[in-house]
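Architecture and fold: a report
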Amino acid sequence: MAEKVLVTGGAGYIGSHACKALARAGFEPVVFDNLSTGWKGAVRWGPLVEGDLMDRASIDTALAEHRPAAVMHFAALSLVGESMRDPGRYWRVNVGGALNLLEACAAAGVRNFVFSSTCATYGDQDGVLLTEETPQRPINAYGGSKLAIEQMLQDFGKSAGISHVIFRYFNVAGADPEGETGEQHVPETHLIPLMLDAVAGKCPALTVFGTDYPTRDGTCVRDYVHVTDLAEAHVLGLRRLLDGKGNGVFCLGTGRGFSVREVIEASRAVTNREVPVEIGGRRAGDAAALVSSSTHAIEELGWEPQHSTLRQMIGDAWAWAQKPGFAE
Ligand code: UDP
């Protein structure tokens, strides 16, 4: 029988791609999701347990029933701007939910934990290439809440013997190249899907948040990584834990940054259509540039990102945008 992995947030964008990668690698992903932002239709590679991380008993029940070999923890609030407007909610849901989950894992004897962290834990670092050793100084509540969970994992490692792999994601983009799942947020706040909405005429224009940053063209620079490459890294991280190789922290990006203007330019080449654009002010909580050094994941995990060109990420997102998406 296939080994089970409990995937919190498995009905969401990144979680559903991870479930597909897990199933392809021979695992059975058991999705644990409250469907607050996820979609039943995105759960295609294993069972769905509808439950909430704020409800400890529902986690205990899921772990007792499925006895997973590991937990992959994706479920979280993840919007920088929203976290600045309502920080309390981010601390309560992200940190409180992770704490319940870790205590439940400790009690149930689950010893392998893969955690979705973020480049937002680094804050504004003046354009340096970010590595796993770069000091973390978050400038928004989203990054702060994720850093707190990273620290929590250290403590649960010592007290309960839970080994962890932490992935610090850079900007995740694209969609399943086979079109089986993709990005569907309500409301959408991310650059590439909003840009494609503007291209398709679903909204009047893309607003560029700030043109006065200290970057090469004044717009923010981000390191975009294809969601399928990211999902593959999770399988490698899981294998590392199951092989008993112990804790690890890995940045997942490509080592190349693109400005908002460069992303818009690349979109023209992919869709052959203009992006209607308007210039707006800065969004609170945004760092000027976040670019990763991806060498550690490549060298240590054997990660081989194969889809993370801007052209493929925008192309796959564009193909997904032509599909009906998930129904409510
Ligand atoms: N951005 C923008 N207009 C939008 C959405 C995003 O100019 O409508 C910019 C944003 O300021 C950031 C980059 O695009 O520099 C990526 O933002 P996104 O929300 O996609 O991801 P984040 O970096 O917040 O994780």
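Everything discussed here concerns the structure shown above.
Residues numbered from 1 in each chain as written. Predicted model: local features only at pLDDT ≥ 70, side-chain atom pairs only at ≥ 80, totals over all residues. Heavy atoms only, no water.

Counted residue by residue, helix H6 (residues 191-199) has seven buried out of nine residues, so it is predominantly covered. One or two positions beyond H6, positive phi appears at Gly201, with a value near 80°. (Buried < 20%, exposed > 50% of the residue type's maximum accessible area, 1.4 Å probe, protein only. Helix = DSSP H or I, 4+ residues; strand = E, 2+ residues; numbered from the N terminus.)

The strand order E6-E15-E10-E13 describes an open sheet built from four strands, whose pairing is mixed. Each having just a single partner strand, strand E6 (129-130) and strand E13 (258-259) make up the two edges of the open sheet. Pairing of strand E10 (residues 221-222) with strand E15 (residues 289-292), which is carried by two bridges, proceeds in the parallel orientation. Among the inter-strand pairings, Val221 is bridged to a residue of E15, identified as Ala289. (Pairing = 2+ DSSP bridges.)

What follows covers the layout of surface pockets. Of the pockets and cavities examined, the second largest pocket occupies roughly 310 Å³. Looking at the second largest pocket, it is lined by 16 residues, and the ones nearest its centre are Glu183, Gln184, Asp197, Trp320 and Ala321. Mapped onto the lining of the second largest pocket, the elements with two or more residues apiece are H6 and helix H10 (310-321). For the lining of the second largest pocket, the class distribution of residues is seven nonpolar, four polar and five charged. (1 Å grid on protein atoms, 1.4 Å probe; cavity = no way out; pocket = protein on both sides within 12 Å on 5 of 7 lines; lining within 4 Å. Points joined across faces, edges and corners; volume = space filled by probe spheres on them. Nonpolar A, V, L, I, M, F, W, Y, C, P; charged D, E, K, R; others polar.)

Let us now look at the pairing of strand E2 (residues 28-33). By the criterion of burial, E2 is predominantly enclosed, with five of the six residues buried. One ladder, built from five bridges, connects strand E1 (residues 4-8) with E2; its direction is parallel. Bridge pairing links Val7 to Val31 in E2. Each parallel crossover has a hand, and the one from E1 via helix H1 (residues 13-24) to E2 is right-handed. As paired strands, E2 and strand E3 (residues 48-50) are joined by three bridges and run parallel to one another. Residue pairing for E3: Val31 is matched across the bridge by Leu48. (Right-handed = clockwise from strand over helix to strand, strands pointing away.)

This part is about the packing of aromatic side chains. Throughout the structure, instances matching the rule amount to five aromatic pairs. Positioned above the aromatic ring of Tyr213 is the side chain of Arg282, whose terminal nitrogen or guanidinium carbon lies 4.0 Å from the ring centre. (Phe/Tyr/Trp six-rings, centres within 6.5 Å; stacked < 30°, edge-to-face > 60°. Lys NZ or Arg CZ within 6 Å of the ring centre and 35° of its normal.)

In contact at an axis separation of 11 Å, H6 and helix H8 (residues 260-271) are set at 50° when each is read in the N-to-C sense. Considered as vectors, H6 and H8 are oriented oblique to each other. Seen along the crossing, H6 lies across H8 with a hand that is right-handed. Residues Leu191, Ile192, Met195, Leu196 and Val199 of H6 form the contact with H8, whose own contacting residues are Val260, Val263, Ile264, Ser267 and Thr271. Of the residues assigned to the contact of H6 with H8, the class counts are eight nonpolar, two polar and no charged. (Axes fitted to C-alpha atoms, helices over the stretch in contact; angles between N-to-C directions. Parallel < 35°, antiparallel > 145°, perpendicular 65-115°, else oblique. Left-handed = near helix turned anticlockwise from the far one by under 90°. Contact = heavy atoms within 4.5 Å.)

Moving on to H1. Over its 12 residues, H1 runs 17 Å from end to end, which matches the ideal 16 Å to within 8%, given 1.5 Å per residue. H1 sits mainly inside the fold: 10 of its 12 residues count as buried. Here H1 has its buried residues at Tyr13, Ile14, Gly15, Ser16, His17, Ala18, Cys19, Lys20, Ala21 and Leu22. (Expected span 1.5 Å × (residues − 1).)

Time to look at the nonpolar core. Ranked by internal contacts, the top residues of the largest apolar core, which has 34 residues, are Ile14, Leu22, Phe167, Tyr169, Val172 and Leu252. Elements with a contribution of two residues or more to this core: E1, H1, strand E4 (70-73), strand E7 (163-169), helix H7 (227-242), strand E12 (248-252) and helix H9 (295-301). For this core, the element with the highest residue contribution is H7, accounting for seven residues. Excluding residues within four positions of it along the chain, Leu22 makes contact with Val5, Val7, Phe27, Pro29, Met72, Val235 and Leu238. Of all hydrophobic cores here, the second largest spans 26 residues; its members include Val49, Leu63, Val110 and Phe113. (Core = buried A, V, L, I, M, F, W, Y, C linked by side-chain atoms within 4.5 Å.)

On to the pairing of E12, then. Of all five residues making up E12, four are buried, and the element is well covered by its neighbours. Pairing geometry for E7 and E12, over five bridges, is parallel. Paired with Ile166 across the strands is Val249, a residue of E12.

As far as function goes, none of this settles anything; it's purely spatial.
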